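# Results of the structural survey
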Amino acid sequence: MMRRRVNLRMPALGGQGAVTAAHIIATAADYEGYYAVSNPFFGAEKRMAPAESYARIGIEPIFDRGEVVYPDVIMVFHPQVITMGKSYTMPFYSGIKKDGLIIINSDEDLLTEEDKEYLASLNVKVLNFNATKFAIDIAGTELATNMAMLGAFFGAIGVVSIEAIEEGIKSR
Amino acid sequence: MMRRRVNLRMPALGGQGAVTAAHIIATAADYEGYYAVSNPFFGAEKRMAPAESYARIGIEPIFDRGEVVYPDVIMVFHPQVITMGKSYTMPFYSGIKKDGLIIINSDEDLLTEEDKEYLASLNVKVLNFNATKFAIDIAGTELATNMAMLGAFFGAIGVVSIEAIEEGIKSR
Amino acid sequence: MYYVAQVINDECSKYNCKQCTLFCPEPNTLMYSDNEHHAYVVSERCKGCALCVYVCSNLLKRNAINMVMPEVHANK
Amino acid sequence: MYYVAQVINDECSKYNCKQCTLFCPEPNTLMYSDNEHHAYVVSERCKGCALCVYVCSNLLKRNAINMVMPEVHANK
Amino acid sequence: MKATTEQVQYNRAGQRIVSPDYLLFEAPRTKHFMTGSEAVKEAVKRASVDASVSYPITPQSEAAHLIGELWAEGYVGVYFRGESEFGVMSELAGCALAGARCITTTSGPGTLRAMENFPMWAGTRIPVQLVLMARGVNTPLSIQPDNLEVSFLLDTGCMIWYAENVQELFDMILAGFIVAEQPSVHVPVVTVVDGFFVSHTREAIMLPPDDIALPPYDPYRAPLPVIDAEVPPGRYMRDPFVMKSNYISYATHASWQWEVRAAIERSRPFAKHYLRGLIEEFGDPEAEIAFVTVGTAAAQAKEAVRLLEDEGIKAKVVKLKTVRPFPIQELREAVKGVKTIFVPEFNVVGWLEREVKRYLYNHSQADIVGGTRVAGGMTMPPEVIVKEALQYLGKEVKHVI
Amino acid sequence: MKATTEQVQYNRAGQRIVSPDYLLFEAPRTKHFMTGSEAVKEAVKRASVDASVSYPITPQSEAAHLIGELWAEGYVGVYFRGESEFGVMSELAGCALAGARCITTTSGPGTLRAMENFPMWAGTRIPVQLVLMARGVNTPLSIQPDNLEVSFLLDTGCMIWYAENVQELFDMILAGFIVAEQPSVHVPVVTVVDGFFVSHTREAIMLPPDDIALPPYDPYRAPLPVIDAEVPPGRYMRDPFVMKSNYISYATHASWQWEVRAAIERSRPFAKHYLRGLIEEFGDPEAEIAFVTVGTAAAQAKEAVRLLEDEGIKAKVVKLKTVRPFPIQELREAVKGVKTIFVPEFNVVGWLEREVKRYLYNHSQADIVGGTRVAGGMTMPPEVIVKEALQYLGKEVKHVI
Amino acid sequence: MSFKIYQVNEDLLDVVPQEIKDLQFRSTFNNPKRGVLDLSYHKELIEEHSLCAGCPESMAFRYILASLPAPEDTIIVNSTGCTSLVFPHIALHTVHSLFGNQNAVASGIKRVLEWRFPDKVKDVVVLAGDGATVDIGLDCTLQSFFRQEKITTICFDNEVYANTGGQESGLTVKGHVFKMAPKGKQWNKVPMWQLAIDSGCHYVARLTVSSPKRVEQVIKKAIYVAREVGPTYVHLYTPCILEIGLNSDDGLDEMRARDKERFAFFEYVTPEAEEVIARVKEEGLL
Amino acid sequence: MSFKIYQVNEDLLDVVPQEIKDLQFRSTFNNPKRGVLDLSYHKELIEEHSLCAGCPESMAFRYILASLPAPEDTIIVNSTGCTSLVFPHIALHTVHSLFGNQNAVASGIKRVLEWRFPDKVKDVVVLAGDGATVDIGLDCTLQSFFRQEKITTICFDNEVYANTGGQESGLTVKGHVFKMAPKGKQWNKVPMWQLAIDSGCHYVARLTVSSPKRVEQVIKKAIYVAREVGPTYVHLYTPCILEIGLNSDDGLDEMRARDKERFAFFEYVTPEAEEVIARVKEEGLL
Ligand SMILES: Cc1ncc(C[n+]2csc(CCOP(=O)(O)OP(=O)(O)O)c2C)c(N)n1
Ligand SMILES: Cc1ncc(C[n+]2csc(CCOP(=O)(O)OP(=O)(O)O)c2C)c(N)n1
Ligand code: SF4
Ligand code: SF4
Ligand code: SF4
Ligand code: SF4
Ligand code: SF4
Ligand code: SF4
Ligand SMILES: [Mg+2]
Ligand SMILES: [Mg+2]
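Scope of this entry: the structure provided in the associated data block. (Residues numbered from 1 in each chain as written. Chains lettered and ligands numbered in written order. Predicted model: local features only at pLDDT ≥ 70, side-chain atom pairs only at ≥ 80, totals over all residues. Heavy atoms only, no water.)

### Description of the coordination of the magnesium ion (ligand 10)
Under perfect tetrahedral coordination by four donors, a metal shows angles of 109.5 degrees; under perfect octahedral coordination by six donors, it shows angles of 90 or 180 degrees. So the rule is basically this: Sites may look incomplete because water is not among the atoms; the donors themselves are N, O and S atoms within 2.8 Å of the metal, or within 3.2 Å for Na, K and Ca. The rule is simple: take the accessible area with a 1.4 Å probe, protein chains only, and divide by the maximum for that residue type; under 20% is buried, over 50% is exposed, in between is partly exposed.
Ligation of the magnesium ion (ligand 10) by protein atoms is provided by Asp130 of chain H (OD), Asn158 of chain H (OD1) and Val160 of chain H (O), these donors lying 1.9 to 2.1 Å from the ion. Given the relative accessible area of 2%, Val160 of chain H is considered buried.

### As for the interface of chain E and chain F
This is how the line gets drawn: When checking whether two residues touch, look at their non-hydrogen atoms; a contact exists if any pair is within 4.5 Å. Buried area is a sum: the accessible area each of two parts loses on coming together, probed at 1.4 Å, counted once for each and added. Salt-bridge detection follows one rule: a side-chain nitrogen of Lys or Arg within 4 Å of a carboxyl oxygen of Asp or Glu. We call two N or O atoms a polar contact when they sit within 3.5 Å, provided that within protein one can donate a hydrogen and the other can accept it, with sequence-adjacent residues counted only if both atoms are side-chain atoms.
Contacts between the two partners involve 60 residues from chain E and, on the opposite side, 60 residues from chain F. Together, the buried faces of chain E and chain F total about 5,400 Å²; carbon and sulfur atoms form 59% of this surface. It is Arg354, Arg358 and Tyr361 of chain E that lose the most area in chain E upon contact with chain F, and together they represent 15% of the buried surface on that side. Linking chain E with chain F are eight salt bridges, by the criterion used here. Summed over the shared surface of chain E and chain F, the result is 25 residue pairs in polar contact (both at pLDDT 80 or more).

### Focus on the site of ligand 2
Where we set the bar: The near set for a molecule or strand comprises every residue that places at least one heavy atom within 4 Å of it. Working definition of accessibility: Shrake-Rupley area with a 1.4 Å probe, residue cover restricted to the visible protein chains. Numbering of helices and strands starts at the N terminus; helices are DSSP runs of H or I of at least 4 residues and strands are runs of E of at least 2. Classes in brief: Ala, Val, Leu, Ile, Met, Phe, Trp, Tyr, Cys and Pro nonpolar; Asp, Glu, Lys and Arg charged; the others, Gly included, polar.
Residues in contact with ligand 2 amount to 23 residues; listed here are only the nearest, Glu85 of chain E together with Cys82, Asp130, Gly131 and Asn158 of chain H. More than a single chain frames ligand 2: its nearby residues are located in chains E, F and H. For ligand 2, an oxygen atom lies 3.0 Å from a polar atom in the backbone of Val160 of chain H. Within the backbone of Asn163 of chain H, a nitrogen or oxygen atom sits 2.9 Å from an oxygen atom of ligand 2. Taking 580 Å² as the accessible area of ligand 2 by itself, protein coverage stands at 98%. If you list the elements that add at least two residues to the shell around ligand 2, you get helix H5 (108–113) of chain E together with helix H4 (130–135) of chain H. Residue contributions to the shell around ligand 2 peak at three residues, all from H4 of chain H. Of the residues in the shell around ligand 2, the class split is 11 nonpolar, seven polar and five charged.

### Points about the pattern of salt bridges
Pairs can form between side chains of opposite charge whenever their charged atoms are close. Enumeration according to the criterion identifies 134 salt bridges over all chains in this entry. Lys316 of chain F is the salt-bridge partner of Glu281 of chain F, the closest N and O atoms lying 3.6 Å from each other. Of this pair, Glu281 of chain F sits in strand S11 (residues 279–283) while Lys316 of chain F sits in strand S13 (residues 316–320), and the two are 35 residues apart along the sequence. Overall, the relative accessible area of 44% leaves Glu281 of chain F in the partly exposed class. With relative accessibility at 4%, the residue Lys316 of chain F sits in the buried group. Arg258 of chain G is the partner of Glu254 of chain G in a salt bridge, and the nearest nitrogen-oxygen pair spans 2.9 Å.

Next comes the structure, spelled out in structure tokens:
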């Protein structure tokens, strides 16, 4: 995925660490020599209430800020984002750009036929990945869900080095 | 004294009743069929501190308001207005118009030669009248000083009827 | 965050207690059924705080409620 | 308003009291002269409240200060 | 509640209820002589007011005292002194939310102390009336007239009206309730006068009888439910969605703000009717010199127009009675053909000049001059206005001052 | 206190004192990655700050916490949490009067709660710095970015500066102290950023080392005596004549107010130097389309200019770094030849559009369009700016969104 | 009394959402004997909320709402804070205005309702956090007590500004390290209950919300006294588990620990209030 | 200590006005034993004022200024009200800012002076009316007590808003008819001295200003305690003769009458304060 700019949106629930994830992504990209900006959605999020964060990565200076209205990548941190509509946008993929990517923390397929048709029309790839289960299995705690999601992201886009990712995690 | 408008300024000390006097004058003039407006100087006057009030009388609607900067008549309610400079303008007669009138509550002549020359150049008449003494003599209290000053004013300009003056006093 | 409460109906039915229903912080979530003689959890409403478990297990030693990982159902 | 206080020096000198100087509400107005053994009024500063008379006459019954109509002097 | 010939209705003070038009335009009037503060009392007395809360500050205190007297006399339902202007404006919000027709008064520092309440009022859509008797704000302290504070209120979402004199103040207060309470408007109205120049000046005023009054406020016609537990709240609050969840809050907040401004726009026809136009013109309609002004500056400018006439120069005054809504079309119309516009103001910043330039940008070629400016409390002598105008125009200053 | 090579001086935190020019322009810088709130900390750390008082409100709280940490670390002399924004701004006034270099932060409702303090600050001539992280004001409640509140501050007598991003915020805070404390200026400075868009956004920033710092504030160079009982008070107070006698108060109040505005004018050369100009231009200098903006709206407009470029349309951004003083000449110069000016803003009222029209009245023939407008907290997508602009210009909207 | 406003038009019953119908058919209105024991069965007046999982403030909300003697004629005034995330979900008239002005708004509402409905009982209850009540809102709070407003003020004391991320408040205990108090708070917790007593409240209580029944008793007393006598004040300890670093199931334990010390149950009653309470007890409403 | 700032340059002595020279040669600086007895002889620190003739506030001012232990290092913070007509005439550093924010401003000043001059004593004294202290300024006042600011707060209680023409204040007694209370005040006078105690003041006194010596003692104790321990509060009854309709010579009589009832002298001292007072007495400064 080589674009002039990659805009990333991460709908999650309060307490899942999506803000941290966005900052790690941006820091890593910055370390790697890209331009990068990250920010959370601007709310007073409580545990279990909707929360969202964003990262922008590019090859020229980035002025744009605020919530990502037209994302290239969407990472859904919690199934309730979809099943209970705990999302800042309805549907959660609103604004997704052509050839985009969606990663959902779930084994199960949560999309309707309608959703799928629409996404297919934009050539958006959808990846189901149970990050929570992965976190429990590997790290022994569901609190590592955000790290697992990060892994999936970096794996999928593959432009940032391991060293940079470590730098991003350290700087938190 | 027949002018399209008569503007009256009354420098006094807090507690002397100059505000009441202005209102009586204006009410009386209104009753008599003139256009009239009165107002105090806009301060938080304490007993013995400078205080000032104003009245405007005319034969056409009066829009002008606020302190009288260019008076036709000045009534000085207390000698300290002159001797101790307890006046909002320096000298107390600043802005006086040609052919104007000044009434001072004092037997004594409190003006300097310079003052006199200037006032003479504008053909301003100066009347010394010990209203306080008059008030004590006639009403038995120095608190009637403002009434005595009023008397002097109405006497000097002579355009408002006794009935109107009574109306003005009643309306307070 | 990822768990919800579930009453072990048979355990609960041994008592006529209702205590946990008073301490759940969520409204309309942990209720009692007189017919079935046990408490029950409206799991979409449960936030998984586990206070009910504290009440039932730690305070009352009844161990009639526990936390489970819920199944995710597509909202199709 | 139109009066100021004046100490009756001879009366005041009978006492070594200074009481009125403490109760005058005006600063630097009613002072005491040790040399001349009596209080004195700086009359330009006096506001004529007559509290000194209350102190000297009503409270102390000394009647050594009273209110007078001041002379007006042109400030030429 | 309509007052028809068949069925005479009375308010809780025992006054006969008449239509707003009757009270403002038709009822016989008699002449009185009084101050602006007293005129506030007379207006409130005829306005079936339910509640007022006061706090002292010069120059509005007297008006507030007099409203208190109306309470003691049974004309006002609820009245008390609050702890500060911040408290007062919040107490008044409570009164209005509970369904009362409300009025209060303040000045200068009081306005700023209460500041956070005004956008809250507007957003809460309560048709509260604030009579603002403008004075200077600290620092340095000044208790004298200066209308800088009005600048701070322009963007609060309240309607801003401006009365020139005692008579206009009386009439505007009555009109204020009527217009603010229209279901399609229902936002607060700030009725401004210059402190002292109007509040403390005694002049002639024509008043309708005091045994008639406006129809009482009907909270059940309000666009938002009244907080009285007599109507369903649903799951609703005055700032509803915002706290319910963040993700629709921005849209709500934005649309709500737009709606408040739209409500002000919708007030135009009502204001036009009850104020007899949003502007008043004085002087020579053909003049190429115009003074665009509000309040006392308009009064002073009128005297200046007379003086200029004496000098053989044609001029006119365009007095704005409302600043929010701003009489955009009326102003553009009124200054057609005008070559020089002076905007005399009682403040140092020239907020009215800014408004005038904004709305005349690309709608007039006239020179717009921000002056005469007076601040801190002095009057604006007509002689000075004339002198400054003539100097600007390069004309000889003949008139003696 | 000059830092010469001969004599190295240190502030009370043990940092080496360097000249403002050295700190801002000459010291070597290294890249860091942080939020706007963290950048506030970095700036304060290098500013020899004496005192700060805080009150929590989103989105400024974090910046305030971090200043507190600097206090705990010994970089700031006095720090505490006040009881409300009203209290905080008054406490800070006390700190400044007593001779401290002061900074605080607030947002939206906090600004309004403290409102009365700002003209008081200006009139008291204290060079306090307020970092304002703009957010919406009630009602309805919104914690999200919206810069309506800036409109309320424009006429307070404070300087108003506006930073676009994390880097600019850092530099402006340092420059703010230097300019505000000039003896010929000596008024407060409000350094605005859009809340969240800057406070909570993490991006790259170049920082000078943190063992150097600005020269400490010298209260004895202030134009008014510091309240420390070390200099003669005479018979003097910060609002002197006013209370001494009414009769000179109006003149005092007026001249004092004029002087505050004159002080802001006198800040121009200093601001120009330390901010490297009062405006920044981006895009095609010859463009006939210009976006005149501040803050985040400038950032978004820059992206829009890029998109327009993709569409083959030339446009530029004129970003104002200061609003008070307003860059009048700079703006007039920058829009020479421009046919259409858009003023995108993060509020419903268009206060910047009003300013732009005021200052361009009779100085430009360009069409001035108040838009794109976003309020209540949403971002302003460049795609939307482009769409609205093209629609206004009657051009085809090719760009996909 | 107007609980009828919750009755849905019969013709609409099939289109109205279940949660609204539940309010009509499964809630407890029009019954002054309602209480916390209803919580096990009945539809509550809070639909849901977005407070943290396990937050004791939520428990307090449930108990208070269940204990109102006349919810159908109760107006709730709140302030900004975590609690304000609950109000939009409450099926009563609730008002949010500004942070800290809650007692001023409530005063206005109460007085106007007394004027508009002289023959009806309308209870006005203020619910706000410690920051709202004791810091920024202290003037409005105490002045409403001084003025003898007939309202009940309930403070949710979580000893911190929670909603803004954990800053020291006036009710934080001395020495505790929070944001804006990085060296630990330098001064004592404000004894708000004492200030309430000296400011003219007729019923004052201090407690944790560890005992639902006790909360019910206190709330009922406070409301009945406010109706007839004057201001009443209830100070509830509702710890912010998030900011003091507790797990979501620790809140009750924390409160039970404090029951034995700082927040031992404390009640103050003036003689006029005593009379009302005695009468209400006799009537079986307490 | 900086009383030298009052010393006029010798070369300028002949052009400096007498009143300034008097400050240098006839005032009592640099002497902690100064007191009200100096009033009979020495140049006062108030030059003149525009309060009403006979106003007891003026007497209070004279006593307080004469009693400051270190006027040359004292900052006075005031508020809006009748008292604000006096401050421009005081030969010390005085600050007026806004109505009711006096204790906030004073807190800032005190803390910065402690930071700037760690080795010097700088006394910060607040002087304000009842409206400023107890109504609009209550939050700032009490919070400065809570925060344990080392300042002395003096309230001039004339039981009314005098400067704005006589409106009811929180310190007006119940039933009194004033403006804005046309049916008489509906609620009790606020027991501010009690609130000061609850709020953490270490020395609290309530008295009229009928006895200059007593005022001196109280002011000195309050300042010495504030220097070392924490906030102190002095509540002075200074009746507004104008608004209660007394003659200009009635003020003293009115205060002497109240000395026997509502304003009977009352003092509260914490143990820490007691210690300081005892030591200062030993040093002969009290
Ligand atoms: C004037 C103003 N200042 C600050 C805020 C920000 N604010 C909102 S809630 C809050 C803290 C509330 O604390 P508290 O009252 O204790 O309630 P909690 O969140 O702890 O339940 C603050 C500071 C605001 N909304 N308005
Ligand atoms: C914010 C604000 N509100 C109101 C005022 C008006 N005001 C000035 S002095 C004053 C009364 C002062 O009363 P008090 O503090 O008791 O002092 P007193 O005049 O009685 O000595 C008032 C209401 C003001 N200056 N600022
Ligand atoms: S506490 Fe345990 S036993 Fe009691 S009702 Fe709840 S689940 Fe059943
Ligand atoms: S886990 Fe918490 S929310 Fe869920 S039922 Fe138990 S107490 Fe209620
Ligand atoms: S009170 Fe009387 S006797 Fe005593 S000093 Fe004064 S004038 Fe003299
Ligand atoms: S009359 Fe009053 S002002 Fe004059 S000296 Fe006596 S006490 Fe002082
Ligand atoms: S932040 Fe604290 S008080 Fe707020 S909801 Fe979470 S636990 Fe409760
Ligand atoms: S109005 Fe009252 S308090 Fe004010 S100066 Fe006059 S007597 Fe004193
Ligand atoms: Mg709290
Ligand atoms: Mg008072």
